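Below, each chain spelled out in residue letters.
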Amino acid sequence: MHKDHTADNECLLEVRNLWKIFAKHPVDLNGQDNEDLEGLQNNGAVIAVKDVSFQVNRGEVFVIMGLSGSGKSTLIRCIPRLIDPTSGEIIVKGRNVLEMDEKELIEFRRYETAMVFQHYGLLPHRTVIENVAFGLKLRGVSLRERMDRARYALARVGLEGWEKHYPAQLSGGMRQRVGIARALVQETDLLLMDEPFSGLDPLIRREMQDTLIRLQKEVNKTIIFVTHDLSEAVRLGNRMAVMRKGEFVQQGTPEEIMTNPADEYVERFVADERAILSGSKRQSFYVSMPNRTNKQAKSTSPSAPLAAAGRR
Ligand SMILES: Nc1ncnc2c1ncn2[C@@H]1O[C@H](COP(=O)(O)OP(=O)(O)OP(=O)(O)O)[C@@H](O)[C@H]1O
Ligand SMILES: [Mg+2]
């Protein structure tokens with residue numbers, strides 16, 4: 001993931017002033033001030049996403065971090081409108097997702113985005129290859145082509161030979177590989193990943209991160225990746241945002257956030273990571289900082305400081 005993006009500066013996704021308020025009745029944010037918002041909250045409304053703006057360039061991995069309940073899943077689900085935002089704009093390749101009608105939205109979900117969830121969401125009564133090919137079936141792709149493409153996607157995630165197994169016969173890590181293959185096979189530019197590796201044990205989790213790093217080099221997707229884990233964010237992200245109570249409290253490269261946390265909340269995430277990068281490890285980390293390519297080489301080598309620092 002840690003590649004230089006100077007040549008690749010097309011903005012693929014832009015989110016502008018996005019709000020999501022869960023309330024009993026629809027909320028119109030026009031003309032609302034802070035007091036009105038407080039009133040809403042006192043009446044049981046939850047401001048899950050609060051005036052969030054960010055841009056992601058083609059080929060970038062943008063990581064969203066934050067404590068449980070900070071609004072990460074709500075935000076990522078707003079992008080394909082699995083949750084309808086209360087207000088704001090979501091522009092993907094120049095088109096505002098919030099202005100799409102039903103038909104355009106179905107097409108957008110089918111052709112422009114793919115999602116990977118923490119709990120895999122595989123169909124239990126279908127084989128591995130059928131699970132991967134399923135989205136292509138919905139698109140009307142012929143049986144032969146979808147099986148070819150599914151087989152290829154499975155090979156990419158290291159699951160050749162497992163095509164005819166059922167999800168229950170696989171380990172958690174393997175199931176998530178199926179989840180990734182299912183997303184890859186769609187050949188969408190945008191990949192949305194909501195804590196995809198959180199359910200996996202530490203070694204498998206690192207293996208999956210390595211797989212994603214390798215795949216990203218091969219296929220150059222644009223990825224929005226949600227995690228609780230700063231070491232995962234540092235390994236995978238070109239840029240990241242830290243969320244608290246629906247707001248982005250800080251955005252920047254992982255290095256910027258590590259070296260200059262905006263407030264105590266961010267500092268708390270960073271402190272743990274810093275402790276791990278202490279002593280000689282920390283020195284090497286800072287030496288590698290100015291150059292992403294340098295850091296990439298370090299982070300993918302087993303003896304590198306960042307790799308050595310990752311616990312998961
Ligand atoms: N359908 C809903 N109705 C009402 N409130 C909701 C709904 N979905 C989420 N929320 C609230 O919105 C806030 C943000 O939730 P969200 O699931 O986005 O957080 P998260 O950062 O993904 O948390 P976690 O790390 O635990 O997955 C929480 O206060 C949650 O209770
Ligand atoms: Mg969540």
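The structure presented is a predicted model; accordingly, all values stated were derived computationally and were not measured. Sequence order as written defines the numbering, with residues in each chain counted from 1. Whichever chain is written first is A, and whichever ligand is written first is 1; the rest continue in order. In view of the model being predicted, local features appear only for residues whose pLDDT reaches at least 70, and side-chain atom pairs are presented and counted only at 80 or more, with totals across whole chains, interfaces and linings using the full set of residues.

Draft legend 1. Region of interest: the overall build of the protein. Think of it this way: any DSSP run of H or I at least four residues long counts as a helix, any run of E at least two long counts as a strand, and we number them from the N terminus. Check the secondary structure of the protein and you find 13 helices and 10 strands. Residues are called buried when their C-beta atom has 20 or more other C-beta atoms within 10 Å, exposed when it has 12 or fewer, and partly exposed otherwise; all C-beta atoms are positioned from the backbone. Put simply, the protein has 312 residues, and 41% of those count as buried. With C-beta atoms placed from the backbone, a contact is any residue pair whose C-beta atoms sit within 7 Å. Pairs at least 24 apart in sequence give 70% of the contacts found in the protein among residues at least 6 apart.

Draft legend 2. The arrangement of the environment of F62 in detail. When you line up the elements, F62 lands in strand β3 (residues 61-66). Along the primary structure F62 and I223 are separated by 161 residues, whereas in three dimensions their C-alpha atoms are 6.2 Å apart. Residue contacts for F62: discarding those within four places in its chain leaves V56, I224, G237, R239 and M240.

Draft legend 3. Just the sheet that holds strand β1 (residues 11-22), in detail. Two strands form a pair only when DSSP identifies at least two bridges running between them. The strand order across the open sheet formed by 4 strands is β2-β1-β4-β5, and the pairing between neighbours is antiparallel. Strands at the two margins of the open sheet, each flanked by one partner only, are β2 (46-57) and β5 (95-96). When β1 meets β2, the two strands line up antiparallel, connected through 8 bridges. When the sheet's bridge partners are listed, I21 is paired in β2 with I47.

Draft legend 4. View of the nonpolar core. By size, the foremost hydrophobic cluster in this structure holds 72 residues, and its most contacted members are V63, I64, M65, V132, L154, A181 and I224. A total of 6 residues in this core trace back to one element, the largest contributor, which is β1. Setting aside chain neighbours within four positions, we find I224 in contact with V56, F62, I64, I76, I79, L192 and M193. Residues enter a nonpolar core if they are buried, belong to Ala, Val, Leu, Ile, Met, Phe, Trp, Tyr or Cys, and are joined to the set through C-beta atoms within 7 Å.

Draft legend 5. Quick peek at the packing of helix α4 (residues 128-138) against helix α5 (residues 143-156). Here an axis means a line fitted to C-alpha atoms, over the contact stretch when the element is a helix, while the angle between two N-to-C directions is reported on a 0 to 180 degree scale. Interaxial distance between α4 and α5 falls to 9 Å at its minimum, and their mutual angle equals 125°. If you check the angle between α4 and α5, you find them oblique. Crossing of α4 against α5: the hand is right-handed. Between α4 and α5, the contacting residues are V128, I129, V132, A133, L136 and K137 on the first element and R146, M147, R149, A150, R151, A153 and L154 on the second. Throughout this description, any angle smaller than 35 degrees is read as roughly parallel, any larger than 145 degrees as roughly antiparallel, any in the 65 to 115 degree range as roughly perpendicular, and the remainder as oblique. It is the rotation of the near helix from the far one that decides the hand of a crossing: anticlockwise by less than a right angle makes it left-handed, clockwise makes it right-handed.

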